Each structure stands twice: as structure tokens, then as C-alpha cells.
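These are the residues of each chain, in order.
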Amino acid sequence: MRTTPWVLAAVLLALAAPAGRAGEADDLKAKVEALASAEKEAALAVLKQNQEAIVQVEIVLNLTISMAGQQARTQERKLTLPGTIINAQGLTVISASGIDISRQVPANIKVDCQVLGAKITQNDGTEIPARVALKDEDLDLAFVLPEKPGSAFSFIAMDRAA
């Protein structure tokens with residue numbers, strides 16, 4: 001969970017309090033803990049409200065792996081990543097680096113990744129065939145779209161604050 005700057009400032013002030021002001025530091029520490037607890041409760045409420053929009057995305061990759069002086073080998077790998085549905089058509093956002101294995105290996109190993117398939121698994125277990133529609137490595141985002149339009153999906157609207 002991301003800590004807001006004012007919480008950090010309060011913690012630093014509490015830690016820097018002189019020994020003679022220990023009572024004030026304890027009071028400040030209790031207030032900070034109460035604020036952190038309130039933030040946690042708020043985050044859990046947002047999660048509960050939007051849980052249907054949090055899904056699992058399975059990506060099937062074809063990997064071609066090569067190292068200097070060795071013959072390249074090919075293998076298939078399945079990865080499961082958390083995703084968030086962001087519109088009623090089922091457009092789902094995931095981490096682009098999660099599906100690009102080539103960014104996770106040492107420089108002396110060359111890995112070419114090709115996405116062979118994808119599916120979105122909803123909380124109720126429903127599996128929806130999908131495809132990777134767009135990948136932006138600079139933003140570390142990949143967008144997965146159901147293959148066939150279906151019923152409206154529960155989603156987290158990106159135009160409102162959580």
C-alpha cells in the first residue's frame with residue numbers, strides 16, 4: 001500500500017521527538033496508527049466494491065531461447081497474471097513486463113516472446129478467450145480484449161477517483 005507523505009512526515013516527527021516529550025510522541029504514534037488503519041479499511045472497502053473487476057489473465061507464450069554458441073530452443077509457457085477490467089466490453093489491463101520474459105533474463109541470453117493465446121478468468125470461474133490487443137512497454141501496460149463481444153462486464157471506471 002502506498003503511504004501518503006503526511007503519514008511519513010508524522011512518523012518522522014514522532015521518531016525525532018526529544019526524550020522529554022515521549023508522551024507527545026506516543027500520542028502522535030497512536031494518531032498515525034489510527035490513520036494507517038483508516039487507510040487500510042478504505043482500501044479494503046474499494047477492493048470489496050470492485051472485486052468483480054479483478055480477474056486472472058492466462059497468457060500462453062512461445063519462447064525461443066538462445067545463448068551464444070548454442071542452438072536455439074523453443075518452448076511454450078503459460079503465465080497467470082492479475083488483471084483489472086476497465087470497461088464494459090471487458091478490456092483488461094495487465095503488466096506488460098509480466099508477459100515479456102525477455103526483459104527478465106541476463107543479457108547473454110536472448111529470448112523472443114510471441115503471444116499464442118490468452119484468456120480471462122472471472123471470479124466465478126468463467127473463462128473467456130481473449131487476445132493481447134496492445135502492449136506499451138514504456139508504461140508497462142498490456143491490454144487484453146475478449147475475442148467475442150458478450151454480456152457487459154463489471155469494471156472499474158477510469159474516469160472516477162477510487
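Note that the structure is predicted; figures quoted are calculated from it, not measured. (Residues numbered from 1 in each chain as written. Predicted model: local features only at pLDDT ≥ 70, side-chain atom pairs only at ≥ 80, totals over all residues. Heavy atoms only, no water.)

Caption draft 1: Geometry of the overall build of the protein. Of regular secondary structure, the protein possesses 2 helices and 6 strands. Scored against the burial criterion, the 162 residues of the protein give a buried share of 27%. Relative to all contacts within the protein whose residues are 6 or more apart in sequence, the contacts with residues 24 or more apart total 59%. (Helix = DSSP H or I, 4+ residues; strand = E, 2+ residues; numbered from the N terminus. Buried < 20%, exposed > 50% of the residue type's maximum accessible area, 1.4 Å probe, protein only. Contact = heavy atoms within 4.5 Å.)

Caption draft 2: Molecular detail of the confidence of the model for the protein. Taken residue by residue, the protein gives an average pLDDT of 82. The fraction at 70 or more is 83%. Here helix 1 (residues 5–16) is the element of the protein with the lowest mean pLDDT, 55, and strand 6 (residues 141–146) is the one with the highest, 95. (pLDDT = per-residue confidence, 0-100.)

Caption draft 3: Fine view of the nonpolar core. In terms of nonpolar packing, the biggest core is built from 22 residues, with Val-57, Ile-59, Ile-94, Ile-120 and Val-144 touching the most fellow members. Of all the secondary structure elements, the ones that give two or more residues to this core are strand 1 (54–67), strand 2 (73–85), strand 4 (109–121), strand 5 (127–136) and strand 6. Here this core takes 6 residues from strand 1, the largest share from any one element. Excluding residues that lie within four positions of it along the chain, Ile-94 makes contacts with Val-57, Ile-59, Leu-81, Pro-82, Gly-83, Ile-99, Asp-140, Leu-141, Ala-142 and Val-144. (Core = buried A, V, L, I, M, F, W, Y, C linked by side-chain atoms within 4.5 Å.)

Caption draft 4: Main features of the pairing of strand 5. Pairing between strand 4 and strand 5: 4 bridges, direction antiparallel. Counterpart to Ala-118 in the pairing with strand 5 is Ala-130. Counting the residues in the hairpin turn of strand 4 and strand 5 gives 5 residues, including Gly-125, whose phi is positive at 95°. Turn length for the strand 5-strand 6 hairpin, with the two strands adjacent in sequence and antiparallel, is 4 residues, and the turn residue Asp-140 shows positive phi of about 55°. (Pairing = 2+ DSSP bridges.)

Caption draft 5: Highlighting the pairing of strand 4. Where strand 1 lies against strand 4, 12 bridges are found, and the strand directions are antiparallel. Of the residues in strand 4, the one forming a bridge with Ser-66 is Lys-110.

Caption draft 6: Structural view of the environment of Leu-79. With respect to the element layout, Leu-79 can be found in strand 2. For Leu-79, a relative accessible area of 17% corresponds to the buried category. If we skip the residues at most four places from it in the chain, Leu-79 touches Val-57, Glu-58, Ile-59, Leu-61, Gly-98, Ile-99 and Ile-101.

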